[in-house]
Amino acid sequence: MQLPFSFPSPLRTERLVLRFMTVSDIDDVHAYQSREDVCRYMTYEPRDRPTVAEKVTQYADAHVLAGDGDYWQIAATLDGRVIGDVYFTIKSVEQQTAEIGWSLHPDFQGRGYMSEAAGAMLALAFDQVGLRRIIAVLDPRNDGSTALCRRLGLREEAHFVEDEWFKGEWADTGIYAILAREWASRG
Ligand SMILES: CC(C)(COP(=O)(O)OP(=O)(O)OC[C@H]1O[C@@H](n2cnc3c(N)ncnc32)[C@H](O)[C@@H]1OP(=O)(O)O)[C@@H](O)C(=O)NCCC(=O)NCCS
């Protein structure tokens, strides 16, 4: 693997620019992280502006992946506005495994923007960082997220039943995954 690895910000995709966040993005990020619908299956509750400001300040400093737990929270921007973000973290250097996550402002869902952003992140992770396996951990009721996994070529590998107390109820956990060789042989 090519570690340490700094995200090549800005990274252009067909319609988007993926780049590091800055404190000037706080309002854009607050616009979606404050929403009940966006947070329904996220680990956090809707965030107020001071909380988003604190988080974005942390995200803005997360540039380099070097070891377990290091992460990127990369802004997906359209015409200069942050419409969502892609989370990417090293789970294990030894196992060459990372985890990906995502969120998109509902006004921009349904147009393939996250397929485009997350697809670019997988390409970078496999082709340049040299990772071997990437997983997504989600609530199986999260149809938008499971559909996105399948679109990207991630397979459902596990479905844990009521393994987690989540937002006031016992909830299931789904694990999706894709290997470098599966990414390379995608049609
Ligand atoms: C998960 C999430 C990012 C998926 O967003 P999304 O917009 O559905 O995903 P995509 O950007 O890949 O867009 C796919 C949709 O755009 C459509 N589309 C249009 N043009 C497209 C294109 N060029 N490429 C791919 N899809 C396209 C697809 O048909 C699909 O529509 P459908 O949902 O009606 O079938 C979004 O639901 C979200 O932010 N949820 C809240 C946060 C969350 O739960 N995150 C995950 C926690 S595990």
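To be clear, the structure that these remarks concern was listed above.
Worth saying up front: this structure is predicted, and the values here are computed from it rather than measured.

Observations concerning the packing of aromatic side chains
- Scanning the model with the defined rule gives seven aromatic pairs in all.
- Pairing Phe 7 with Trp 72 gives two aromatic rings, centres 5.1 Å apart and planes at 75°, and the pair type is edge-to-face. With Phe 7 in the loop between β1 (5-6) and β2 (11-12) and Trp 72 in strand β5 (residues 71-78), the pair connects residues that are 65 residues apart, well separated along the chain. Across the pair, exposure class does not vary: Phe 7 and Trp 72 are buried alike.
- Three or more aromatic residues joined by ring pairs make a cluster, and in this case those are Phe 5, Phe 7, Phe 20, Trp 72 and Phe 88.

Some remarks on the packing of helix α4 (residues 113-129) against helix α5 (residues 143-152)
- Remark: α4 packs on α5, axes separated minimally by 10 Å, with the N-to-C direction vectors making an angle of 50°. Between α4 and α5, the interaxial angle falls into the category oblique. The hand of the α4/α5 crossing is right-handed. Where α4 abuts α5, its residues Met 114, Ser 115, Ala 118, Gly 119 and Leu 122 lie against Leu 148, Arg 151 and Leu 152.
- Split into classes, the residues belonging to the contact of α4 with α5 amount to five nonpolar, two polar and one charged.

A short note on the pattern of salt bridges
- The full count for this structure, using the stated rule, is eleven salt bridges.
- Of the charged contacts in the structure, one is a salt bridge between Glu 116 and Arg 15, with a shortest N-O distance of 2.7 Å. Within this pair, whereas Glu 116 is found in helix α4, its partner Arg 15 is found in the loop between β2 and β3 (17-19), the two being separated by 101 residues in sequence.
- With relative accessibility at 14%, the residue Glu 116 sits in the buried group.
- Using a relative accessible area of 36% as the deciding quantity, one classes Arg 15 as partly exposed.
- Residues Asp 25 and Arg 19 are paired through a salt bridge, measuring 2.8 Å at the closest nitrogen-oxygen approach.
- Residue Asp 25 is classed as buried on the basis of its relative accessible area, which comes to 3%.

Each value, and the rule that gives it
- Going along each chain's sequence as written, the residues are numbered from 1 onward.
- For a predicted model such as this one, the threshold for reporting local features is a pLDDT of at least 70, and the threshold for listing and counting side-chain atom pairs is 80 or more; totals across whole chains, interfaces and linings nevertheless cover every residue.
- Just so you know, side-chain values use all the structure's heavy atoms and leave hydrogens and water out.
- Two aromatic rings from Phe, Tyr or Trp, using only the six-membered ring of Trp, form a pair when their centres are within 6.5 Å; if the ring planes differ by under 30 degrees the pair is stacked, by over 60 it is edge-to-face, and anything between is tilted.
- Labels follow the DSSP assignment, with helices taken as runs of H or I lasting at least four residues and strands as runs of E lasting at least two, numbered in each case from the N terminus.
- Each residue is placed in one exposure class: buried if its accessible area under a 1.4 Å probe, protein chains only, is under 20% of its type's maximum, exposed if it is over 50%, and partly exposed if it falls in between.
- The angle between two axes is taken between their N-to-C directions and runs from 0 to 180 degrees, where each axis is a line fitted to C-alpha atoms and a helix contributes only its stretch in contact.
- Reported orientations rely on four angle classes, namely roughly parallel under 35 degrees, roughly antiparallel over 145, roughly perpendicular from 65 to 115, and oblique for the rest.
- Should the near helix be turned anticlockwise from the far one by less than a right angle, the crossing is left-handed, and should it be turned clockwise, the crossing is right-handed.
- Contacts were defined at the residue level, with two residues in contact if any of their heavy atoms lie within 4.5 Å.
- Basically, the charged four are Asp, Glu, Lys and Arg, the nonpolar ten are Ala, Val, Leu, Ile, Met, Phe, Trp, Tyr, Cys and Pro, and anything else, Gly included, counts as polar.
- In the sections that follow, a salt bridge refers to a side-chain nitrogen of Lys or Arg positioned within 4 Å of a carboxyl oxygen of Asp or Glu.

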